[in-house]
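Structural overview for review
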Amino acid sequence: LCLDKSVSHEALIVKRNCLKLMGIQEFSSEAQFQKPGEGVVLRNVTCQDCWYVEDLNPTRDPFLRESEGSWSCKECESHYNMERLEALLVKQVQRHIKQYLQADLQCSKCSQVRNNNTSTSCPDCSGRWELQIPASQIRETINEYQNVAEYYGFEWLEEEIKSL
């Protein structure tokens, strides 16, 4: 609404009033727009009947959220093998964990990647080392998978996440 010049002033007033009602300051980090992530996406899922390829997003797709425990192809409406899809989700969780565990350390100031295991700070700027993938990011990702597992009743996926 703020892009439309005819209503931008009114939209700004509504935003200010809403923030005031919630007790959030207008220029605080909480008030800033943050683009939502993709959520959990299964890429290039192929229908075994018609060979239609699509991306499935169980967190955002209303077609999947309304389905009663079985997802179907949008082209031919045949049902997907839910065990196979759950296995793909488990593999994605394992891949996220592996990426986190194998992430390099980088300088918090200059973003230089740490090239030896003995330095306690960056040799160029004396910045401290931190993981390239923050722990908060991996927690958020795993929570999204946990929500999918609980909502759709994926026991194997839930068990995999609980074992972390």
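Described in the following lines is the structure provided in the data block. Remember, it's a predicted structure, so these values are computed and weren't measured experimentally. (Residues numbered from 1 in each chain as written. Predicted model: local features only at pLDDT ≥ 70, side-chain atom pairs only at ≥ 80, totals over all residues. Heavy atoms only, no water.)

1. Some words on the overall build of the protein
- Counting secondary structure elements, the protein contains 5 helices and 4 strands.
- Starting at the N terminus, the α and β elements of the protein follow one another as α-β-β-α-α-β-β-α-α.
- For 164 residues, the compact-globule formula gives about 15 Å, and the C-alpha radius of gyration of the protein, at 22 Å, lies well above that figure.
- Across its three principal directions, the C-alpha atoms of the protein cover 55 × 55 × 30 Å.
- When each of the 164 residues of the protein is scored for burial, the buried share is 30%.
- Looking at the protein alone, contacts between residues at least 24 apart form 41% of all its contacts between residues at least 6 apart.
- Within the protein, one finds 18 positive and 25 negative side-chain charges whose respective centroids are separated by 10 Å. (Helix = DSSP H or I, 4+ residues; strand = E, 2+ residues; numbered from the N terminus. Rg over C-alpha atoms; globule rule 2.2 N^0.38 Å. Buried < 20%, exposed > 50% of the residue type's maximum accessible area, 1.4 Å probe, protein only. Contact = heavy atoms within 4.5 Å. Lys, Arg positive; Asp, Glu negative; His and termini not counted. Charge placed at Lys NZ, Arg CZ, Asp CG, Glu CD.)

2. A short note on helix 1 (residues 8-22)
- In a regular helix each residue adds 1.5 Å, so 15 residues correspond to 21 Å; helix 1 covers 21 Å between its end C-alpha atoms and thus fits that length.
- In the stretch just after helix 1, G23 is the one whose phi turns positive, near 75°. (Expected span 1.5 Å × (residues − 1).)

3. Overview of the pattern of salt bridges
- For the structure on display, the rule yields 6 salt bridges.
- The closest approach of N and O atoms between E54 and K74, which form a salt bridge, is 3.6 Å. A residue pair is termed long-range when its members are at least 10 positions apart, and E54 in strand 2 (residues 53-56) and K74 in the loop between helix 2 (62-65) and helix 3 (82-101) qualify at 20 residues.
- With relative accessibility at 7%, the residue E54 sits in the buried group.
- Here E130 makes a salt bridge to R128, at a shortest N to O gap of 3.6 Å.
- Given a relative accessible area of 56%, R128 falls into the exposed group. (Salt bridge = Lys/Arg side-chain N within 4 Å of Asp/Glu carboxyl O.)

Limitation: the analysis is restricted to geometry and does not speak to function.
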